[in-house]
Every structure is written in structure tokens, then in C-alpha cells.
Amino acid sequence: MTCMCRSRVDVAAADDETAFAFHTALAARWATTSVERTTRDAGQPGVRLRCYLDLRQPLDASGQAPAH
């Protein structure tokens, strides 16, 4: 059985600020990969951002994965 706990998240947003804010919201709840830049598709409005998150690692209120 395959665990679907790790997910790729592709974000399409109007601008960098919005894309990074969405990533920050994800990172406040789950363990995520870091992101440093967005990409733009030629001739398309907005920006794109890709990150990966692990749904098995919820974070506690301090932003740390709970000890097991």
C-alpha cells in the first residue's frame, strides 16, 4: 500500500508576495520544503511556486514537529 502522505503543491498566484504567503501558511501547519523563488510562464500572468509537504508531520504551536 502506498502512503499518500507526501504531496507536491503547485501554487499559481498573482504575484510573489501572495505565493510566498501561501507557502508560509502551509509551513505553519506541515513540514514543507523551503522555497526561494517563483517562476513565470512566458505570456501568462502571475507566478508559480512548487513545494512539497509531508502530511505525516503536523507542527505544534511552536512550529516544531512533535517528538515521538
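Here the structure is a predicted model, which means the values were calculated and not measured. For every chain, the first residue of the written sequence is number 1, and numbering continues from 1 onward in sequence order. Given that this is a predicted model, residues contribute local features only at a pLDDT of at least 70 and side-chain atom pairs are listed and counted only at 80 or more, while totals for whole chains, interfaces and linings are drawn from all residues. Hydrogens and water are ignored here; the side-chain numbers use all heavy atoms of the structure.

Trainee: What is the right way to look at the nonpolar core in this model?
Mentor: When a protein is soluble and globular, its nonpolar side chains tend to lie buried together. In these notes, a set of buried Ala, Val, Leu, Ile, Met, Phe, Trp, Tyr and Cys residues joined through side-chain atoms within 4.5 Å is what counts as a nonpolar core. Relative accessible area decides the class of each residue, using a 1.4 Å probe on protein chains only: under 20% of the type maximum gives buried, over 50% gives exposed, and in between gives partly exposed. Formed by V9, V11, A13, A19, L26, V35, V47, L49, C51 and L53, the largest nonpolar core amounts to 10 residues. Helix and strand definitions here come from DSSP, where helices need a minimum of 4 consecutive H or I residues and strands a minimum of 2 consecutive E residues; each element is numbered from the N-terminal end. The dominant element in this core, judged by the number of residues it contributes, is strand 3 (residues 47-58), at four residues. It only takes one pair of heavy atoms within 4.5 Å for two residues to be counted as in contact. In contact with A13, other than residues within four places in its own chain, are T18, A19, G46 and V47.

Trainee: Can you help me understand the pattern of salt bridges in this one?
Mentor: Once the charged atoms of two side chains with opposite charge are near each other, the side chains can pair. Any carboxyl oxygen of Asp or Glu that lies within 4 Å of a side-chain nitrogen of Lys or Arg is treated as forming a salt bridge with it. If you walk through the whole model with that rule in mind, you get five salt bridges. One salt bridge connects R6 with D54, and the closest N-O pair in it is separated by 3.6 Å. Remark: D54 occurs in strand 3 and R6 occurs in strand 1 (residues 6-13); sequence separation between them is 48 residues. The class of D54 is buried, set by a relative accessible area of 7%. Linking R8 and D10 is a salt bridge whose minimum nitrogen-to-oxygen distance equals 3.2 Å. For D10, a relative accessible area of 44% corresponds to the partly exposed category. Connected via shared salt-bridge partners are R6, D54 and R56.

Trainee: What is the right way to read the side chain of H23 from this model?
Mentor: Along the chain, the position of H23 falls in helix 1 (residues 16-29). Using a relative accessible area of 10% as the deciding quantity, one classes H23 as buried.

Trainee: When you look at the confidence of the model for the protein in this model, what are you seeing that I'm missing?
Mentor: A low pLDDT means the predicted coordinates there should not be read in detail. Note on scores: pLDDT gives the predictor's confidence for each residue, bounded by 0 and 100. The predicted model of the protein averages 85 in pLDDT, with 78% of residues at 70 or higher. Here strand 3 is the element of the protein with the lowest mean pLDDT, 87, and helix 1 is the one with the highest, 94.

Trainee: Any chance you could explain helix 1 here in plain terms?
Mentor: Because the α-helix completes a turn every 3.6 residues, residues three or four places apart line up on one side. In this scheme, a helix's expected span is set at 1.5 Å multiplied by one less than its residue total. Given a rise of 1.5 Å per residue, 14 residues ought to cover 20 Å, and the 20 Å separating the end C-alpha atoms of helix 1 matches this to within 8%. Those residues of helix 1 lying buried are A19, H23 and L26. The buried residues of helix 1 occupy one face: seen down the axis, they fall within an arc of 60 degrees. Opposite its buried face, helix 1 presents the exposed residues E17, T24 and A28, each directed more than 90 degrees away. As used here, the arc is the angular range of directions from the helix axis to the C-beta atoms.

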